[in-house]
Amino acid sequence: PGVNVSQTSARDINMTSRGSTNTLSTSQLVLLDGRSIYLDFFGFVMWDFLPVNPAEIKQIEAVRGPGSAVWGANAMTGVVNLITKRPKEMVGTSILLGAGEIGTLLGSVSHAGVRDRLGYKISAGYFEQDAYERPTGVIPGSNPPVLYPNFPNSGTRQPKIDARLDWDLTDDSTLNIGGGYAGTDGIIHTGIGPFDIDSGSSLSNFKVDWQRRALHVGVFANFLDADSVNLLTRGTNGQPLGFKFSTDTYNAEISNTSGAGLSNIFTYGGNYRTSDFKLQIAPKGTQKDEWGVFIQDEILIGEKARWVIDGRWDEIDPLKDGVFTPRTSLLFSP
């Protein structure tokens with residue numbers, strides 16, 4: 001409820017909570033085990049860059065409504081957090097093969113094992129689908145008559161691989177190391193027309209997390225590398241507008257939760273994030289730095305009610321001044 005999903009090509013899927021979904025959903029933050037897959041420069045999520053297979057997902061948390069007070073500037077309409085299974089929750093080997101309409105082919109293989117305090121898993125997957133049919137002729141209701149844009153649709157091919165190592169250092173602390181790769185091609189719709197993403201475009205990642213009870217320290221890096229061409233818009237040279245782009249994003253964060261007395265639970269933390277950009281049609285956009293801190297107080301009012309008060313301070317280059325984001329909510333559980 002409250003979530004709107006649209007699909008405009010074989011690979012182009014967008015989702016927004018508490019609002020209509022545009023062809024580029026720019027206000028929905030998506031996390032995979034705490035790692036953001038939000039594309040920093042472009043401001044949207046490409047769901048095909050999830051490096052894991054659906055069978056590896058343990059649960060999906062959907063926060064509908066503004067979440068910037070805790071998660072930062074990219075969570076205006078909500079947060080989706082996908083949590084995958086630990087290696088000890090999927091011990092063994094599994095293989096999946098499938099086929100369907102529109103030339104759909106899919107396959108995945110995963111293997112996980114545990115040895116003493118060490119757990120590991122590795123998985124790979126592939127998805128392929130032919131292009132969707134496009135309408136032709138006059139757009140219904142257009143006056144004067146307007147023809148549908150004339151460009152060919154593209155299918156999509158999406159390989160992926162992911163690996164993870166879990167080490168239980170002690171009974172209450174864990175070290176997680178992981179990395180993955182997800183590739184794609186096909187059409188993405190933008191405000192200046194559809195771009196056809198070349199085969200080999202990909203998002204790679206590396207992640208390290210240390211957790212001791214509620215204390216969490218983590219770092220991750222995302223490496224986006226893609227090339228595309230616009231199917232309608234021409235450049236100043238009269239040729240189809242090309243757009244080659246790459247971004248390297250690095251993020252470090254820390255958070256903790258602790259109690260104060262019998263009725264207050266404090267959660268607090270912060271993060272620093274930096275991105276380097278190489279963009280063919282926006283060559284002056286080369287770097288973005290941001291950091292933020294937050295604190296939340298969860299006040300327990302009897303057994304049925306909780307009052308949550310929180311706020312976050314963000315410094316984002318190139319904004320001149322920092323931004324304070326407050327939030328409060330009263331929760332009652334009958």
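Here, residues in each chain are numbered from 1, in the same order as that chain's written sequence. Local features in this predicted model are restricted to residues of pLDDT 70 or higher, and side-chain atom pairs are both shown and tallied only at a pLDDT of 80 or more, whereas totals for entire chains, interfaces and linings draw on every residue. Based on all heavy atoms of the structure, the side-chain values leave hydrogens and waters out of the count.

(A) Structural context of the overall build of the protein chain. Segments assigned H or I by DSSP are reported as helices when at least four residues long, segments assigned E as strands when at least two residues long, and all are numbered from the N terminus. Assigned secondary structure in the protein chain consists of 1 helix and 20 strands. Put simply, the radius of gyration uses C-alpha atoms, and a globule should come to 2.2 Å times the residue count raised to 0.38. For 334 residues, the compact-globule estimate of 2.2 N^0.38 gives 20 Å, and the protein chain sits close to it at 22 Å. When the backbone C-alpha atoms are referred to their principal axes, the protein chain occupies close to 70 × 50 × 45 Å. A total of about 17,900 Å² of accessible surface is found on the protein chain, and carbon and sulfur atoms cover 59% of it. Counted charges follow a simple rule, with Lys and Arg positive, Asp and Glu negative, and His plus the chain ends left uncounted. By convention, the charge on Lys lies at NZ, on Arg at CZ, on Asp at CG and on Glu at CD. Across the protein chain, the mean location of the 29 positive side-chain charges is 2 Å away from that of the 36 negative side-chain charges. Per-residue and other accessible areas were derived by the Shrake-Rupley procedure at a 1.4 Å probe size, with only the shown protein chains allowed to occlude residues.

(B) Region of interest: the sheet that holds strand β3 (residues 28-32). Pairing between two strands is assigned when DSSP locates at least 2 bridges connecting them. Within the open sheet, the 4 strands sit side by side as β4-β3-β8-β7. Their pairing is mixed. Here the strands that pair on one side only, and so sit at the sheet edges, are β4 (35-36) and β7 (57-64). Summarising the sheet, β3 and β4 pair through 2 bridges and their orientation is antiparallel. Within β4, the residue paired with L31 across the bridge is S36.

(C) Focus on the side chain of Q158. Tracing the chain through its elements places Q158 in strand β12 (residues 156-170). As used in this structure description, the phrase polar contact means that two N or O atoms lie within 3.5 Å; if the pair is within protein, one of them must be able to donate a hydrogen and the other to accept it, and residues adjacent in sequence are counted only when both atoms belong to side chains. Side-chain polar atoms of Q158 contact the side chain of T156, separated by 3.0 Å. Only heavy atoms enter the contact rule, under which two residues are in contact if any of them lie within 4.5 Å. Setting aside its immediate chain neighbours within four residues, Q158 contacts R11, D48, G125, Y126, F127, G183 and T184.

(D) Main features of the environment of F44. Mapping F44 onto the fold places it in strand β6 (residues 44-45). Sequence-wise, F44 and A55 are 11 residues apart; in three dimensions their C-alpha atoms are separated by 25 Å. If we skip the residues at most four places from it in the chain, F44 touches L24, S25, T26, Y38, L39 and I188.

(E) Quick peek at the environment of R86. Its place among the elements puts R86 in the loop between β8 (78-84) and β9 (92-100). The class of R86 is partly exposed, set by a relative accessible area of 23%. In the structure, R86 is positioned 79 residues away from L165 in sequence and 9.0 Å away in space, judged by C-alpha atoms. Excluding residues within four positions of it along the chain, R86 makes contact with R164, D166, D168 and T174. Classification of residues uses two cut-offs on accessible area relative to the type maximum, computed with a 1.4 Å probe and protein chains only: under 20% is buried, over 50% is exposed, and between them is partly exposed.

(F) Inspection of a nonpolar patch on the surface at higher detail. To count toward a patch, a residue needs a relative accessible area above 30% and no salt bridge. Like charges then connect within 9 Å, nonpolar side chains (Val, Leu, Ile, Met, Phe, Trp, Tyr) within 5 Å. What counts as a salt bridge is simple: a side-chain nitrogen of Lys or Arg found within 4 Å of a carboxyl oxygen of Asp or Glu. A cluster of nonpolar side chains, namely L118, Y120, L165, W167, L169, I177 and F206, defines an oily patch on the protein surface of about 590 Å² accessible area. The element contributing the most residues to the nonpolar patch is β12, with 3 residues. Tracing the chain through its elements places L165 in strand β12.

(G) The arrangement of the pattern of salt bridges in detail. Summed over the entire model, instances satisfying the criterion amount to 15 salt bridges. Of the charged contacts in the structure, one is a salt bridge between R11 and D12, with a shortest N-O distance of 3.7 Å. Just as R11 is buried, D12 falls in that class too. Where salt bridges share partners, they join D33, R86, R164, D166 and D168 into one cluster.

(H) Structural view of the sheet that holds strand β18 (residues 287-301). Read across the sheet, 12 strands follow the order β9-β10-β11-β12-β13-β14-β15-β16-β17-β18-β19-β20 without closing on themselves; strand pairing throughout is antiparallel. Across the chains shown, the open sheet's two edge strands, defined by having one partner strand only, are β9 and β20 (323-332). Mean inter-strand twist for the sheet, computed between neighbouring axes without regard to direction, equals 10°. A fitted line through C-alpha atoms serves as each axis, taken over the contacting stretch for helices, and the angle formed by two N-to-C directions is quoted from 0 to 180°.

(I) Quick look at the environment of D33. For D33, the location among the structural elements is in the loop between β3 and β4. According to the relative accessible area criterion, D33 is partly exposed, its value standing at 27%. The spatial distance from the C-alpha of D33 to the C-alpha of Y250 is 16 Å, given a sequence separation of 217 residues.

(J) Quick peek at the confidence of the model for the protein chain. Summary of the metric used: pLDDT quantifies the predictor's per-residue confidence within the range 0 to 100. Across the protein chain, the average pLDDT comes to 91, with 100% of residues at or above 70. When the elements of the protein chain are averaged for pLDDT, helix α1 (residues 68-71) gives the smallest value, 76, and strand β11 (residues 118-129) the largest, 97.

(K) Molecular detail of the layout of surface pockets. Taken as a whole, the second largest pocket holds about 580 Å³ of empty space. Along its surface, the second largest pocket is lined by 24 residues, and W47, P54, F127, Q158 and K160 are the ones closest to its centre. Looking at the lining of the second largest pocket, the elements that each hand over two or more residues are β7, β8, β10 (104-115), β11 and β12. Taken together, the residues of the lining of the second largest pocket break down into 15 nonpolar, 6 polar and 3 charged. Each cavity reported here is a set of points on a 1 Å grid over the protein atoms alone in which a 1.4 Å probe fits but cannot get out, each pocket an open set with protein on both sides within 12 Å along at least five of seven lines, and each lining residue one with an atom within 4 Å of a point. Grid points are joined across faces, edges and corners, and a volume is the space filled by probe spheres set on the points. The classification used treats Ala, Val, Leu, Ile, Met, Phe, Trp, Tyr, Cys and Pro as nonpolar, Asp, Glu, Lys and Arg as charged, and all other residues, Gly among them, as polar.

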